[in-house]
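Report on the structure
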Amino acid sequence: MSTSASSPSTDTGTTPVTEPVTGAVSSASESAHRESLPGAAENTGAAPGAKPYAAYLLGLADDAMVYAQRLGEWMTNAPQIEEDMALGNIALDLLGQARGLYPYIGSIDGTGRGEDDYAMQRDEREWHNVHLVEQERGDFADEMARLLWFSAYQVELHTSLTGSGDDVVAGVAGKALKEVRYHLDHASLWVVRLGDGTAESHRRMQAALERVLPHLAELFDDDEASVLAADLEVGVLPSTLHDAVVARVAHVVEQGTLTLPDGSRWRSRGGRAGIHSRPMGSLLAEMQHIARSHPGATW
Amino acid sequence: MYGNDVIDPNEPLNAAETAAYDAAAEHEDQRGGRDTVGGDFDALLAADQRIEPRDAMPDEYRETLIRQIAQHAHSEIIGMQPEGNWITRAPSLRRKAILIAKVQDEAGHGLYLYSAAETLGIDRQELLERLHDGKQKYSSIFNYPTLTWADCGAIGWLVDGAAIMNQVPLCRCSYGPYARAMIRVCKEESFHQRQGFEILWNLMRGTESQKAMAQDAADRWWWPALAMFGPPDTGDAAKGGHTEQSMAWGIKRFSNDDLRQKFVDMTVPQAQKLGLTLPDPDLRWNEERGHWDFGQIDWDEFWQVLRGDGPCNAERIEHRRRAHDEGAWVREAANAYATKQAAREREQQQKESAA
């Protein structure tokens, strides 16, 4: 893929997030959100201008948002009460990451949207998350396989983003990094326990590692938005995270007496461009239906 | 953690925000003089000292506490379901975050209470089995469905409000681990109640359909919330129930009827502030008594739901059992792994000591 600084408006062709600024759009609530962000002070000077990496940040925020939604489904359904709490905690952290990014994205994509505009009012084609996070909740091994990969990815991602040229992004990443290290620890403990537990848990954990495989390549795709963000030294090229993430996962898998499966025959693609898999529509329908049933209402 | 810029934070909204709670918490902090009383059960009770796990206690006292603490723990765990049902649908991200944190708190309360029960010589596994087999109960209030988003508000405001009214006196319960658990639980429940009030406050200042949603929820939850205090236990009804014995043991400090009246007195002005109409035509201020009069509770319905014939009894237990059964292989794996690890550590130690 070319690394030339292409116009972000040609990125996916589907989202309104890269529309040019039509004026200083800033609501009171949105300003309040921004002021609460780490490092936001440097960005609240003049009328906020559009920055070309909004689409990149939206991908990161949507990953966190959609995965928080899926993890929230575990509450009351986990194998033990401690795990209801732990998965709830992780969901809350990811939700916090998304909430840290959405209002900032609204301030740099020229739309002035707030967090609920992004979460509740966008249609499926406007979401930029990877397919991995939107997949339906499988069994507990499926969740731990997904969490292991996603949190290993997020540890590498946020480690890198703490050096972002955008102070807000660096601030969000710094806070997130502490959280995702804990997520990775939690997933690692379970993958090892399940792999090295009983014959049944070993079989289930191995099967889950295989089922998650097709949805991993997307995390490391250098799509146009991330290439641009990396060129501007705000983001990181996803492909550069690949080896470190695989090394982290491989270490855990080995400890759990499991085998890291070979490449998949097929792979999911298109999430960053708003092309999603079947479960995404239902996820959004459930998440958004109350908000959308009451246009203009506040809660 | 979750600020509230609408409602006066200095005005008490529930019993955990009153002087009674502060007094109980302070009482706990300042307990002394136990050494001079000795370890005799009756002497400890008479001196308003706490009974602790290692103290001798009558079997009936122990059994009563196990039943009550377990029922309380089960209520926290089953109580995760009605609101957990709305986590994926909360209408804003702020509401979603608050709701996840609340359901998480309930899980934490459940664990905390199971631990308190375990100090009496029974383990969590057995208590959960009793819950799943229907041998132990949970609060009947959770056998009612959460039909709309406003129900999350009504549960916080009314159900948590009633629960706190019940639990603040338990902060001075004679059994130490239970009393200490209640001091902590009440504090967190107080946040939940305030958040519930705030949900309804926003709905009542919203669109017509939001107001209707809030009123409908108040209509459905008001009477079940009043029934949460249990059947009448004063006057003619004072004989026969658990109240008398529990009071003698310092487990219970107020009658069901007293607590219910306190709850009504505290809640009616809040309903007025919200702009909600409570579904009781007999509700009126009684100047002479200095209390709100209220109508007859449908105790037939209460007993019917308690016996298992409520809207959600089967669903709640079925959900709980399914989650537990689906997780069996995970818990088995964790145990197997722990056993293997312990064996490996022993082996390692033997090697080291041999070397």
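Structure: above.
Residues numbered from 1 in each chain as written. Chains lettered and ligands numbered in written order. Predicted model: local features only at pLDDT ≥ 70, side-chain atom pairs only at ≥ 80, totals over all residues. Heavy atoms only, no water.

Details of the overall build of chain B
- Each helix and strand counted, chain B has 15 helices and two strands in total.
- Rg of the C-alpha trace for chain B: 22 Å, near the compact-globule value of 20 Å for 355 residues, within the 12% margin.
- With the principal axes as the frame, chain B shows a C-alpha extent of 80 × 50 × 40 Å.
- Here chain B, with 355 residues, has 54% of them falling under the buried criterion.
- Contacts in chain B between residues far apart in sequence, at least 24 positions, make up 76% of those at least 6 positions apart.
- If you sum the accessible surface of chain B, you get close to 15,800 Å²; carbon and sulfur atoms cover 50% of it. (Helix = DSSP H or I, 4+ residues; strand = E, 2+ residues; numbered from the N terminus. Rg over C-alpha atoms; globule rule 2.2 N^0.38 Å. Buried < 20%, exposed > 50% of the residue type's maximum accessible area, 1.4 Å probe, protein only. Contact = heavy atoms within 4.5 Å. Areas by Shrake-Rupley, 256 points an atom, 1.4 Å probe, with all protein chains shown as cover.)

Details of the interface of chain A and chain B
- Contacts between the two partners involve 47 residues from chain A and, on the opposite side, 47 residues from chain B.
- Together, the buried faces of chain A and chain B total about 4,000 Å²; carbon and sulfur atoms form 66% of this surface.
- Three residues, Thr 76, Ile 81 and Trp 299 of chain A, lead the burial of chain A against chain B; their summed loss comes to 20% of the area buried on that side.
- Along the contact surface separating chain A from chain B lie three salt bridges.
- Asp 196 of chain A is the salt-bridge partner of Arg 344 of chain B, the closest N and O atoms lying 2.8 Å from each other.
- Applying the counting rule to chain A against chain B returns 18 residue pairs in polar contact (both at pLDDT 80 or more).
- Of all the elements in the fold, those that place two or more residues in the side of chain A that touches chain B are α2 (54-72), α3 (81-108), α4 (115-121), α6 (140-161), α7 (167-195), α8 (199-212) and α11 (278-293) of chain A.
- Here the element with the most residues in the side of chain A that touches chain B is α3 of chain A; it accounts for 11 residues.
- Here the side of chain A that touches chain B is built from residues that sort into 22 nonpolar, 13 polar and 12 charged. (Buried area = accessible area lost by both parts, 1.4 Å probe. Salt bridge = Lys/Arg side-chain N within 4 Å of Asp/Glu carboxyl O. Polar contact = N/O pair within 3.5 Å; in protein donor to acceptor, adjacent residues only side chain to side chain. Nonpolar A, V, L, I, M, F, W, Y, C, P; charged D, E, K, R; others polar.)

A short note on the side chain of Ser 107 of chain A
All names here are of chain A.
- By the element assignment, Ser 107 lies in helix α3.
- By relative accessible area, which is 5% here, Ser 107 ends up buried.
- Here the side chain of Ser 107 touches Tyr 104 through a polar contact of 2.6 Å, landing on its backbone oxygen.

Details of the pattern of salt bridges
- The tally for this structure, following the rule as stated, stands at 35 salt bridges over all chains.
- The partner of Arg 124 of chain B in a salt bridge is Glu 82 of chain A, and the shortest N-O contact between them spans 2.4 Å. Residue Arg 124 of chain B is found in helix α7 (residues 124-132), and its partner Glu 82 of chain A is found in helix α3; the two belong to separate chains.
- Accessibility expressed as a relative area gives 32% for Glu 82 of chain A, which makes it partly exposed.
- The partner of Arg 316 of chain B in a salt bridge is Glu 315 of chain B, with the nearest N and O atoms 3.7 Å apart.
- In this structure Arg 316 of chain B comes out as buried when scored by relative accessible area, which is 4%.
- By relative accessible area, which is 46% here, Glu 315 of chain B ends up partly exposed.
- One salt-bridge network, in which partners are shared between bridges, spans Arg 70, Glu 73 and Arg 137 of chain A.

Examining the packing of α7 of chain B against helix α14 (residues 313-326) of chain B
Residues and elements named next belong to chain B.
- Packing of α7 against α14 leaves a shortest axis separation of 10 Å and a crossing angle of 140 degrees. Taken together, the axes of α7 and α14 are oblique relative to one another. Contact residues: α7 offers Gln 125, Leu 128, Leu 131 and His 132, while α14 offers Ile 317, Arg 320, Arg 321 and His 324.
- Taken together, the residues of the contact of α7 with α14 sort by class into three nonpolar, three polar and two charged. (Axes fitted to C-alpha atoms, helices over the stretch in contact; angles between N-to-C directions. Parallel < 35°, antiparallel > 145°, perpendicular 65-115°, else oblique.)

A closer look at α14 of chain B
- In this model α14 of chain B runs 20 Å from its N-terminal to its C-terminal C-alpha over 14 residues, within 8% of the 20 Å that 1.5 Å per residue would give.
- Residues of α14 of chain B that are buried: Asn 313, Arg 316, Ile 317, His 319, Arg 320, Ala 323 and His 324 of chain B. Down the axis of α14 of chain B, the buried set is contained in an arc of 155 degrees. They therefore lie on one face. Residues of α14 of chain B that are exposed and angled more than 90 degrees away from the buried face: Ala 314 and Asp 325 of chain B.
- Considering only its buried residues, α14 of chain B is in contact with α3 of chain A together with α4 (59-78), α5 (80-84), α7, α13 (299-306) and α15 (328-354) of chain B. (Expected span 1.5 Å × (residues − 1). Arc of directions from axis to C-beta.)

What to know about the packing of helix α6 (residues 93-118) of chain B against α7 of chain B
All names here are of chain B.
- At a closest axis distance of 9 Å, the pairing of α6 and α7 adopts a crossing angle of 110 degrees. Of the possible angle classes, the one that applies to α6 and α7 is roughly perpendicular. Classified by chirality, the crossing of α7 by α6 is right-handed. Where α6 abuts α7, its residues Leu 111, Tyr 114, Ala 117 and Glu 118 lie against Arg 124, Leu 127, Leu 128 and Leu 131.
- For the contact of α6 with α7, the per-class residue count stands at six nonpolar, no polar and two charged. (Left-handed = near helix turned anticlockwise from the far one by under 90°.)

Focus: the packing of aromatic side chains
- Considering all chains together, one arrives at 16 aromatic pairs over all chains under this definition.
- Between Tyr 153 of chain A and Phe 220 of chain A, the ring centres sit 6.2 Å apart and the planes meet at 80 degrees, which makes this aromatic pair edge-to-face. Residue Tyr 153 of chain A is located in helix α6, and its partner Phe 220 of chain A is located in the loop between α8 and α9 (224-231); the two are separated by 67 residues in the primary sequence.
- Tyr 153 of chain A sits in the buried class, given a relative accessible area of 3%.
- Seen in terms of ring centroids, Trp 222 of chain B and Phe 263 of chain B are 6.2 Å apart; in terms of plane orientation they differ by 20 degrees. Their pairing is stacked. Note that Trp 222 of chain B is positioned in helix α10 (residues 208-227) and Phe 263 of chain B in helix α12 (residues 256-274), a separation of 41 residues in sequence. No difference in accessibility class separates Trp 222 of chain B from Phe 263 of chain B, as the two residues are buried.
- What links up through ring pairs into an aromatic cluster is the set Tyr 67, Phe 150, Tyr 153 and Phe 220 of chain A.
- Between Arg 137 of chain A and the ring centre of Trp 74 of chain A, over which it is positioned, the NZ or CZ distance is 4.7 Å.
- The side chain of Lys 262 of chain B reaches across the aromatic face of Phe 254 of chain B, ending 4.0 Å from its centre. (Phe/Tyr/Trp six-rings, centres within 6.5 Å; stacked < 30°, edge-to-face > 60°. Lys NZ or Arg CZ within 6 Å of the ring centre and 35° of its normal.)

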